[in-house]
Amino acid sequence: MSFSSRVKAELATLPLSGRCCVTAELGAMIFGASVMTLMGNRQIRLSFRAQSAAVVKRVLRLFNAAGPAAARPRLLLREQVAGRRQYLLQLSPEDSRRLLREQGMLRADGGGTERFSAPRRVMRRNCCRRAYLRGSFLACGYLSDPRRRYRAEWLYQDQARALRLRRVLGHVGLLATVGARRGGAVVTVSGGDQVAELLKLIGASLSVLSMENSRAEKSLTGSANRAVNCDQANLGRQLEAAQAQVAFIESLSRSRGLSSLPRALEAMARLRLSRPDASLEELGALLEPPVSKSGVQHRMRALKRLAEEQDG
Ligand SMILES: [Zn+2]
């Protein structure tokens with residue numbers, strides 16, 4: 001399962017929040033992945049497409065939470081090109097009209113015809129902005145594998161929908177660009193901090209953790225690369241020493257448990273485990289209260305002695 005699908009699966013199972021957010025999330029989903037068909041008699045039929053069953057289930061839950069349905073939505077499973085499945089959820093004309101009205105997405109223009117427009121009332125509250133972002137990501141979003149790059153994208157049918165999303169992103173402090181792609185418009189948010197913030201905002205807490213882990217791995221690799229490029233010997237020795245420290249701290253942790261250590265040593269040990277790539281100076285600065293490099297060396301030696309006593 002790709003990282004993007006995992007995030008969607010996590011989001012799809014989140015509990016529904018307040019009524020205001022149900023409206024915002026559903027509005028974003030309709031805006032991002034709906035097809036509106038005009039039938040005779042000015043009838044409108046709304047269909048929603050998705051690649052995953054989890055997302056379809058979420059739409060159904062939101063739809064039911066938004067109000068009583070006139071008819072049961074029809075679920076059609078279509079086989080798409082390249083062997084990928086596509087689900088199509090089709091609402092009755094009555095339900096389509098009710099839903100679009102409630103969302104403020106159907107507005108009469110001067111000539112007596114109704115126009116499909118962006119959902120209203122989603123910008124006012126923070127909870128609803130987050131729900132809107134979640135809905136739009138579930139509907140038409142994609143996340144790159146964080147081991148390769150940090151990028152979130154949404155593919156919309158047209159520029160107006162893309163600009164709408166960029167505005168909501170701007171409200172929560174995320175910078176996005178809008179470009180053209182495949183006859184539609186693509187919204188892009190890039191950078192590790194921005195993508196992590198986006199995941200937090202939309203409620204994908206587990207995915208944030210797994211992304212932060214791979215970021216930590218990357219920064220370790222980064223340190224190793226820097227070692228090659230600039231101060232090879234020095235940093236190489238530093239990383240080697242750090243690895244050795246991690247090893248004896250882990251052996252202490254297994255043999256007697258870190259919480260049995262004197263408090264200063266315990267703090268030192270836990271900090272080294274959480275920052276395997278930091279220099280001794282950096283570790284010292286992170287301690288509470290801060291300790292000099294020689295103070296850190298002193299504690300490391302004490303930890304090492306204890307580990308050796310345990311082993312011998
Ligand atoms: Zn809300």
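As a reminder, the structure under discussion sits directly above these lines.
Here's what I pulled together on the structure shown here. The structure displayed is predicted, hence computed values, not measured ones.

Details of the coordination of the zinc ion
Here's step 1: Summarising the metal site, the zinc ion is bound by the protein donors Cys 20 (SG), Cys 21 (SG), Cys 127 (SG) and Cys 128 (SG), whose distances to it range over 2.3 Å.
Here's step 2: Sequence positions of the donors to the zinc ion reduce to the motif C-C-x105-C-C. One end of the pair, Cys 21, is in helix α2 (residues 19-33); the other, Cys 127, is in helix α5 (residues 126-140), with 106 residues separating them in the sequence.
Here's step 3: Residue Cys 127 is classed as partly exposed on the basis of its relative accessible area, which comes to 27%.

Structural notes on the nonpolar core
Here's step 1: Counting 62 residues, the largest nonpolar core has Phe 48, Trp 154, Leu 169 and Leu 199 as its most contacted members.
Here's step 2: The element that contributes the greatest number of residues to this core is α2, accounting for 9 residues.
Here's step 3: Those residues within four positions of Trp 154 in sequence are excluded, and the remaining contacts are Leu 133, Ser 136, Phe 137, Cys 140, Gly 141, Leu 165, Leu 169, Ala 185, Val 186, Val 187, Val 189 and Leu 198.
Here's step 4: Formed by 20 residues, the second largest nonpolar core is a distinct cluster that contains Ile 249, Val 296, Met 300 and Ala 307.

Observations concerning the packing of helix α1 (residues 3-12) against α5
Here's step 1: The contact between α1 and α5 brings their axes to 10 Å, and the two run at 130°. Judged by the inter-axis angle, α1 sits oblique to α5. Along this stretch, α1 crosses α5, giving a crossing that reads as left-handed. On α5, the residues touching Ser 4, Val 7, Lys 8, Leu 11 and Ala 12 of α1 are Arg 134, Phe 137 and Leu 138.

So, how was this worked out
Residues numbered from 1 in each chain as written. Predicted model: local features only at pLDDT ≥ 70, side-chain atom pairs only at ≥ 80, totals over all residues. Heavy atoms only, no water. Donors = N, O, S within 2.8 Å, 3.2 Å for Na, K, Ca; no water. Helix = DSSP H or I, 4+ residues; strand = E, 2+ residues; numbered from the N terminus. Buried < 20%, exposed > 50% of the residue type's maximum accessible area, 1.4 Å probe, protein only. Core = buried A, V, L, I, M, F, W, Y, C linked by side-chain atoms within 4.5 Å. Contact = heavy atoms within 4.5 Å. Axes fitted to C-alpha atoms, helices over the stretch in contact; angles between N-to-C directions. Parallel < 35°, antiparallel > 145°, perpendicular 65-115°, else oblique. Left-handed = near helix turned anticlockwise from the far one by under 90°.

Nothing here speaks to function; it is all geometry.
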